[in-house]
Amino acid sequence: MSGAGSTWRNWARTVTVTPHRVEQPASVSELQQCVKRAAAAGLRVKAVGAGHSFTGIAAAPGVMLDLSRLQGIVDVDPERLRVRLLAGTRLHRVPALLSEYRLAMQNLGDIDRQSIAGAVSTGTHGTGARFGGLSTQVVGMTLSQPDGGMLALGEDDPLLPAAALGLGALGIIADVTLQCVPAFALRAVEASEPLSGVLASMSGRVEQSDHFEFYWFPHTNRAATKFNTRLPAAAPLNPLPPVSRWVDETLLSNTVFRATCAAGTAVPAVVPAVNRVAARLLGGREYTDSSPRVFTQRRTVRFAEQEYGIPAHRLMSAFDALRRLTEERKWRISFPVEVRWAAADDRWLSTAHGRDTAYLAVHRYYREDPAEYFEAVEEIMLAHEGRPHWGKLHTLDAAALAPCYPRFADFLALRNRMDPHRIFANDYLDKVLGP
């Protein structure tokens, strides 16, 4: 299926593009033909999933491949707990697909609107010092090549660590094979705490918890903490009552928060007071539920985001510098700062490549200009050996990124071999990888 391109915007409204043509392949063979036609016509081709990247990584001024019709399970290996999914499968559909086999993804981020291909390609991650990002769960994938051929990569293929988090630069992903785990439950404990206590005990919390994260509300001395403890699937569940979940996740976290963000944009002086109230309201709940219902949250408030991964041991220094920056500049920041962790991995372009990593994420309401705030925070992150999340806003180009990744030159060489004519490139990849 194809048609003349119309204007496409990503979820955050930070990217707008009018493709020459939009195609919606309904099968892998159709995907092959789409790529082959684009290459023959000298048009660049990019796949788009749910549009949840804040950068232009999926922008396609040439041929945009909408993979929304490529969803579902291809096959299952129950003995090895592996599942092959079509590339466009949305993360929020995966739990239901896996439930029949009593399987689950090992870890998830807090948003599940992305496609599986987009999530692994951009370095999406959750939290937990013993767990890697989503790309570390990839044990196989199939890529469409410029001539329409298909390249299958297994877990022992030396190219998999490059392709599993490949920014879409090595081909269009047709399917992804995930190493799953037996389904499990999570016991969640969420609290509002004094920031000083959280920071003083942070290293112990990170080491002793399966999944720990916290949110700091600028202009306050409080943090919202989240501990998730893994339990067997047979553990007794004590989920949030429907009304309580609706109040916390729809009314407070979305409807009321949207109103307070809008008020803070119109009258910045109210932000500190609003943040103090929000910091005390969030938390104070405990519940046990299936892992995907605990990991993920529904987010409807639009925002822009920047996130950097830094060596875990440098987090305190970076966080202190960020707090001082906010105070010195006298900004009014309504969104909390999010802090998470991930284990070191072997993915060539992973923010956690070769080092245990802490993540600092900053946000601005989508009607606010984030540039000054984000650029100042970026300076702090770079001073702490930071690597930017590929799907979130940053200013770095290939020259600045190359020293950050030990395998960067290897990735560029592989790209030159697999896509010498840059069929899978766009302006964003030209910037971060070079033309």
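Described in the following lines is the structure provided in the data block. Predicted, not measured: the structure shown is a model, and the values here were computed from it.

## Notes on helix 13 (residues 408-418)
In an α-helix, one turn spans 3.6 residues; hence positions three or four apart end up facing the same way.
Here's step 1: Where helix 13 is concerned, the buried positions are Phe408, Phe411, Leu414, Arg415 and Met418. Buried residues in helix 13, looked at end-on, bunch into an arc of 120°, giving them a common side. Structural note: helix 13 exposes Ala409 and Arg417 on the side pointing more than 90 degrees away from its buried face.
Here's step 2: Along its buried surface, helix 13 packs onto strand 10 (138-144), strand 11 (150-153), helix 4 (160-163), helix 12 (398-401) and helix 14 (427-433).

## Focus: the sheet that holds strand 20 (residues 357-365)
Here's step 1: On the basis of which strands lie adjacent, the open sheet formed by 8 strands has the order 17-14-16-15-19-20-18-21 and antiparallel pairing. Two strands bound the open sheet, and with one partner strand each, they are strand 17 (285-290) and strand 21 (387-388).
Here's step 2: Summarising the sheet, strand 18 (residues 303-311) and strand 20 pair through 9 bridges and their orientation is antiparallel. Looking at strand 20, one finds that Ala304 is bridged to Arg364.
Here's step 3: Set on the sheet, helix 10 (residues 315-329) makes contact with strand 15 (211-216), strand 18, strand 19 (337-342) and strand 20; between it and strand 20 the angle comes to about 20°.

## Thoughts on helix 1 (residues 28-40)
Here's step 1: Look at helix 1: 18 Å from first C-alpha to last across 13 residues, which is about the 18 Å you get at 1.5 Å a residue.
Here's step 2: On its buried face, helix 1 is in contact with strand 4 (21-23), strand 5 (45-48), strand 6 (63-66), strand 10 and strand 12 (172-179).
Here's step 3: Downstream of helix 1 by a residue or two, Gly42 has a phi angle that is positive, lying close to 75°.

## Description of unusual backbone geometry
Here's step 1: At Arg13, a residue that is not glycine, the phi angle is positive and equals roughly 65°.
Here's step 2: Tracing the backbone shows Arg13 in the loop between strand 2 (8-9) and strand 3 (16-17).
Here's step 3: Here the phi dihedral of Arg422 falls at roughly 60°; this positive angle occurs in a residue that is not glycine.
Here's step 4: Relative accessible area serves as the criterion here: at 11%, Arg422 is assigned to the buried category.

## Points about the nonpolar core
Here's step 1: Counting residues in each nonpolar core, the largest one holds 105 residues, and the members touching the most others are Leu65, Met105, Met141, Phe214, Trp341, Leu360 and Trp390.
Here's step 2: Ignoring sequence-local partners within four residues, the contact set of Trp390 consists of Thr55, Ile57, Thr122, Leu165, Leu167, Leu349, Leu401, Tyr405, Phe408, Tyr428 and Val432.

## Observations regarding the sheet that holds strand 10
Here's step 1: Spatially, 5 strands are ordered 7-8-12-10-11 in an open sheet, and the strand pairing comes out antiparallel. Of all the strands in the sheet, the pair left with one neighbour each is strand 7 (73-77) and strand 11. Along the sheet, successive strands turn relative to each other by an average axial angle of 10°, direction set aside.
Here's step 2: Bridge analysis of strand 10 against strand 12 gives 6 bridges, and the strand direction is antiparallel. The partner of Gly140 across the bridge, within strand 12, is Thr177.
Here's step 3: Lying over the sheet, helix 1 contacts strand 8 (82-86), strand 10, strand 11 and strand 12, oriented at roughly 140° with respect to strand 12.

## A few points about the side chain of Asp110
Here's step 1: Mapping Asp110 onto the fold places it in the loop between strand 9 (103-104) and helix 3 (116-122).
Here's step 2: Owing to a relative accessible area of 10%, Asp110 belongs among the buried residues under this scheme.
Here's step 3: Setting aside residues no more than four positions away along its own chain, Asp110 makes contact with Tyr215, Phe295, Thr296, Gln297, Arg299, Glu338 and Arg340.

## Observations concerning the packing of aromatic side chains
The description of an aromatic ring pair uses the distance of the two centres, along with the angle that the planes make with each other.
Here's step 1: Counted by the stated rule, this structure contains 16 aromatic pairs.
Here's step 2: Ring centres 6.4 Å apart and planes at 85° place the aromatic pair Trp11 and Phe54 in the edge-to-face group. With Trp11 in the loop between strand 2 and strand 3 and Phe54 in the loop between strand 5 and strand 6, this residue pair connects regions lying 43 residues apart in the sequence. Across this residue pair, the class does not change: Trp11 and Phe54 are buried.
Here's step 3: On the basis of an interplanar angle of 35° and a centroid distance of 6.4 Å, the ring pair of Phe212 and Phe214 is categorised as tilted.
Here's step 4: For Phe214, a relative accessible area of 0% corresponds to the buried category.

What counts and how
Residues numbered from 1 in each chain as written. Predicted model: local features only at pLDDT ≥ 70, side-chain atom pairs only at ≥ 80, totals over all residues. Heavy atoms only, no water. Buried < 20%, exposed > 50% of the residue type's maximum accessible area, 1.4 Å probe, protein only. Helix = DSSP H or I, 4+ residues; strand = E, 2+ residues; numbered from the N terminus. Arc of directions from axis to C-beta. Contact = heavy atoms within 4.5 Å. Pairing = 2+ DSSP bridges. Axes fitted to C-alpha atoms, helices over the stretch in contact; angles between N-to-C directions. Expected span 1.5 Å × (residues − 1). Core = buried A, V, L, I, M, F, W, Y, C linked by side-chain atoms within 4.5 Å. Phe/Tyr/Trp six-rings, centres within 6.5 Å; stacked < 30°, edge-to-face > 60°.

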